[in-house]
Amino acid sequence: MTADTDFAAAHAEWFETRMSKLTAEDGWLNLLGRWWITPGTWTIGSGEGNDVVLPLGPQRVGTLTLTDGDSGRFVTSGGEEMPLDRAAGRFSWRTDRFAMEITSLNDLRALRIRDIQSENAARLAPIPFFDLDPALRITARWEPLPKPISLTLDTIIGVPTEVPVSHVARFEFAGREMSMLPTYGTADRPQFVFRDLTSLDDTYAHMRFVFGEDVTEDGVVIDFNRATNPPCAFTSHAVCPLPPRENLFGVRIEAGEKRVRSGSDAGA
């Protein structure tokens, strides 16, 4: 194969993995909702008298008791009890046709519920994307900051959060020196949240995600062909970070996924 066909084949393999994760049972297409919860008892089901009213399923699925921010129990309508403990890794569970989990944002807790039998994944329209451009697979300089910082990022729902940042990626694009801060991810797979001028017409308006690859002591590969729509492009029940000002670019980066139909329509 030529270099171009090798590149296309590698991208196709990456995209297959990306779609597999997006459409999985723990992906983003089958979310029914996100409900903020506090310590106390919460009834869950499709009946109107429940604290958490689901659009489908039994009148009463069960009862969630949160004894503090990080422990509690769930009791099914049939009486089965499931202990919940964040520290022990038991903050997600399944009952009936639902996958439930308690998520954290700062000191806030939310109950997130997925419909395992949802057909949204099968109905998802193909995601459009820019033509592949090998030149936009860039090896950036990976430079440690003089000292790690704590960066305040806003989120799509207006709740700011603090993230630690220890490095910056620097590279040349469109004849200019550019840099991006990683705000999530891991040491060997840093995540960059960014926005460029394609957000005005071609890509998701608020942000896109891209992950660093092949991280070394002084380099990181950033393949903008693998820039993706965030979960918020597919569901209104996700909480996505907004880019830091350092990752706002006054150029068009015409690579990666383009806009999909927003919110629940993306899977309809």
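Small disclaimer: the values here were computed from a predicted structure and weren't measured.

**Q** Help me out: how do you make sense of the environment of M82 in this one?
**A** For M82, the location among the structural elements is in strand β6 (residues 81-85). For M82, a relative accessible area of 14% translates into the label buried. Excluding residues within four positions of it along the chain, M82 makes contact with G72, R73, F74, T76, W93, R94 and T95.

**Q** I tried to follow empty space enclosed by the protein on my own but got confused; where do I start?
**A** Any empty space left between atoms is shown by rolling a water-sized probe over those atoms. The full count for this structure, using the stated rule, is one cavity of 30 Å³ or more. Looking at the largest cavity, the residues that line it are H11, W14, F15, F129, F130, N225, G256 and E257. Looking at the lining of the largest cavity residue by residue, the class counts come to four nonpolar, three polar and one charged.

**Q** Even after reading the chapter, I still don't get the layout of surface pockets, so can you show me in this structure?
**A** Empty space within the largest pocket amounts to approximately 1,200 Å³. Lining the largest pocket are 37 residues, and of these W28, Q191, F209, F211 and P231 lie nearest its centre. When contributions to the lining of the largest pocket are tallied by element, the ones reaching two or more residues are α1 (3-22), β1 (31-37), β8 (98-105), β9 (108-115), β14 (189-194) and β15 (208-213). Of the residues that constitute the lining of the largest pocket, the class distribution is 17 nonpolar, 10 polar and 10 charged. By volume, the second largest pocket is sized at about 200 Å³. Lining the second largest pocket are 13 residues, with S166, P182, Y184, T186 and A187 sitting closest to its centre. Put simply, the parts of the chain that give the lining of the second largest pocket at least two residues each are β11 (161-173) and β13 (182-186).

**Q** What is the right way to read the sheet that holds strand β7 (residues 92-95) from this model?
**A** Sheets are built from strands paired through backbone hydrogen bonds, the pairs being either parallel or antiparallel. Overall, antiparallel pairing links the four strands, which are arranged β1-β9-β8-β7 in an open sheet. Edge positions in the sheet fall to β1 and β7, since each of these pairs with one other strand and no more. Ignoring which end each strand starts from, the neighbouring axes of this sheet average 20° apart. Pairing between β7 and β8: four bridges, direction antiparallel. Note on β8: the bridge partner recorded for S92 is E101.

**Q** Looking at this structure, how should I read the packing of aromatic side chains?
**A** Centre distance and the angle of the planes are the two values used to describe a pair of aromatic rings. Using the criterion set out here, one finds seven aromatic pairs in the structure. Centroid distance F15 to F129: 5.7 Å. Interplanar angle 50°. Geometry classified as tilted. With F15 in helix α1 and F129 in the loop between α2 (120-123) and β10 (137-153), this residue pair connects regions lying 114 residues apart in the sequence. A residue is classified by how much of its surface remains accessible, and F129, at 39% relative accessible area, is partly exposed. Look at W142 and F192: their rings are 6.2 Å apart centre to centre, the planes differ by 80°, and that puts the pair in the edge-to-face class. Of this pair, W142 sits in strand β10 while F192 sits in strand β14, and the two are 50 residues apart along the sequence. Here the aromatic cluster, defined as three or more aromatic residues joined through ring pairs, consists of F171, F194, F224 and F249.

**Q** How should I be thinking about the pairing of strand β2 (residues 40-45) in this particular structure?
**A** Every other side chain in a regular strand lies on the same face of the sheet, so the side chains alternate between the two faces. Where β2 and strand β4 (residues 62-68) come together, five bridges link them in antiparallel fashion. Considered in β4, the bridge of I44 is made with G62. Note: β2 against strand β3 (residues 52-53), two bridges, orientation parallel. Bridging from a neighbouring strand, G45 pairs with V53 of β3.

**Q** How do you make sense of the sheet that holds β6 when you look at a structure like this?
**A** A sheet is described by the order of its strands in space; here five strands give the open sequence β3-β2-β4-β5-β6, paired in mixed fashion. Edge strands, defined here as strands with exactly one partner in the open sheet, are β3 and β6. Where β4 lies against strand β5 (residues 71-76), six bridges are found, and the strand directions are antiparallel. Opposite D68, over in β5, you have S71 as the bridge partner.

**Q** Hey, could you run me through the pattern of salt bridges in this one?
**A** It is possible for side chains bearing opposite charge to pair when their charged atoms get close. A complete count under the given rule lists 20 salt bridges for this structure. Of the charged contacts, one joins R137 and E213 as a salt bridge, the two residues approaching to 3.3 Å between their closest N and O atoms. Separated by 76 residues along the polypeptide, R137 in strand β10 and E213 in strand β15 bring together distant segments of the chain. With relative accessibility at 28%, the residue R137 sits in the partly exposed group. Between D202 and R252 there is a salt bridge; the shortest N-O distance is 2.7 Å. On the criterion of sequence distance, the pair formed by D202 in the loop between β14 and β15 and R252 in the segment after β16 (219-223) is long-range, its members being 50 residues apart.

How each quantity is defined
- Residues numbered from 1 in each chain as written.
- Predicted model: local features only at pLDDT ≥ 70, side-chain atom pairs only at ≥ 80, totals over all residues.
- Heavy atoms only, no water.
- Helix = DSSP H or I, 4+ residues; strand = E, 2+ residues; numbered from the N terminus.
- Buried < 20%, exposed > 50% of the residue type's maximum accessible area, 1.4 Å probe, protein only.
- Contact = heavy atoms within 4.5 Å.
- 1 Å grid on protein atoms, 1.4 Å probe; cavity = no way out; pocket = protein on both sides within 12 Å on 5 of 7 lines; lining within 4 Å.
- Points joined across faces, edges and corners; volume = space filled by probe spheres on them.
- Nonpolar A, V, L, I, M, F, W, Y, C, P; charged D, E, K, R; others polar.
- Pairing = 2+ DSSP bridges.
- Axes fitted to C-alpha atoms, helices over the stretch in contact; angles between N-to-C directions.
- Phe/Tyr/Trp six-rings, centres within 6.5 Å; stacked < 30°, edge-to-face > 60°.
- Salt bridge = Lys/Arg side-chain N within 4 Å of Asp/Glu carboxyl O.

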